[in-house]
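As a plain string of letters, each chain reads:
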Amino acid sequence: MKKDIHPEYHEITVAMTDGSSYTTRSTWGAAGDTMKLDIDPKSHPAWTGEHRLVDSGGQVAKFNKRFEGLGLKS
């Protein structure tokens, strides 16, 4: 392996949506950082079977803003 071309591999803490956390090794962030998850296996519809709309000002909001004036007239 070539020296000094690989990212630093260190320990971080991952915080789940329910408040639990665990420590793992990663190249993300800096040593000791905490990665806070918005969606994880405990809250994602693919694992829970519960369908909910997950949008934090993203695609759905953009769609609604773009097409708000095209409602059906009765």
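Residues numbered from 1 in each chain as written. Predicted model: local features only at pLDDT ≥ 70, side-chain atom pairs only at ≥ 80, totals over all residues. Heavy atoms only, no water.

1. Brief notes about the overall build of the chain
Counting its secondary structure elements, the chain contains 2 helices and 3 strands. Taken from the N to the C terminus, the helices and strands of the chain come in the order β-β-β-α-α. Out of the 74 residues in the chain, the part that is buried amounts to 14%. Sequence separation of at least 24 residues holds for 7% of the intrachain contacts in the chain that already meet a minimum separation of 6. For the chain, the accessible area works out to roughly 6,700 Å², and carbon and sulfur atoms hold 52% of it. (Helix = DSSP H or I, 4+ residues; strand = E, 2+ residues; numbered from the N terminus. Buried < 20%, exposed > 50% of the residue type's maximum accessible area, 1.4 Å probe, protein only. Contact = heavy atoms within 4.5 Å. Areas by Shrake-Rupley, 256 points an atom, 1.4 Å probe, with all protein chains shown as cover.)

2. Some words on the sheet that holds strand S2 (residues 21-26)
A sheet is described by the order of its strands in space; here 3 strands give the open sequence S2-S1-S3, paired in mixed fashion. Edge strands, defined here as strands with exactly one partner in the open sheet, are S2 and strand S3 (34-36). Pairs of neighbouring strands in the sheet enclose a mean axial angle of 35°, with direction left out of account. Where strand S1 (residues 10-15) and S3 come together, 3 bridges link them in parallel fashion. Counted as the bridge partner of Thr-13 is Thr-34 from S3. (Pairing = 2+ DSSP bridges. Axes fitted to C-alpha atoms, helices over the stretch in contact; angles between N-to-C directions.)

3. Focus on unusual backbone geometry
Residue Asp-4 is not a glycine yet carries a positive backbone phi of 65°. Tracing the chain through its elements places Asp-4 in the segment before S1.

4. Considerations on the packing of aromatic side chains
On inspection of all chains with the given rule, the structure shows 1 aromatic pair. Aromatic pair Phe-63 and Phe-67: ring centres 4.9 Å apart, planes at 50°, arrangement tilted. (Phe/Tyr/Trp six-rings, centres within 6.5 Å; stacked < 30°, edge-to-face > 60°.)

5. Structural notes on the pairing of S1
Taken together, the 6 bridges between S1 and S2 define a ladder with antiparallel strand orientation. Bridged to Ala-15 within S2 is Ser-21. Count of turn residues in the S1/S2 antiparallel hairpin: 5 residues, of which Gly-19 carries a positive phi of about 100°.

6. Comments concerning the side chain of His-10
The residue His-10 is located in strand S1 in this model. Within polar-contact distance, the side chain of His-10 engages the backbone oxygen of Trp-28 at 3.0 Å. His-10 has contacts with Thr-24, Arg-25, Ser-26, Thr-27, Trp-28, Gly-29, Ala-30 and Ala-31, leaving out every residue within four places of it along the chain. (Polar contact = N/O pair within 3.5 Å; in protein donor to acceptor, adjacent residues only side chain to side chain.)

In short, the description is geometric, and any link to function would need to be established separately.
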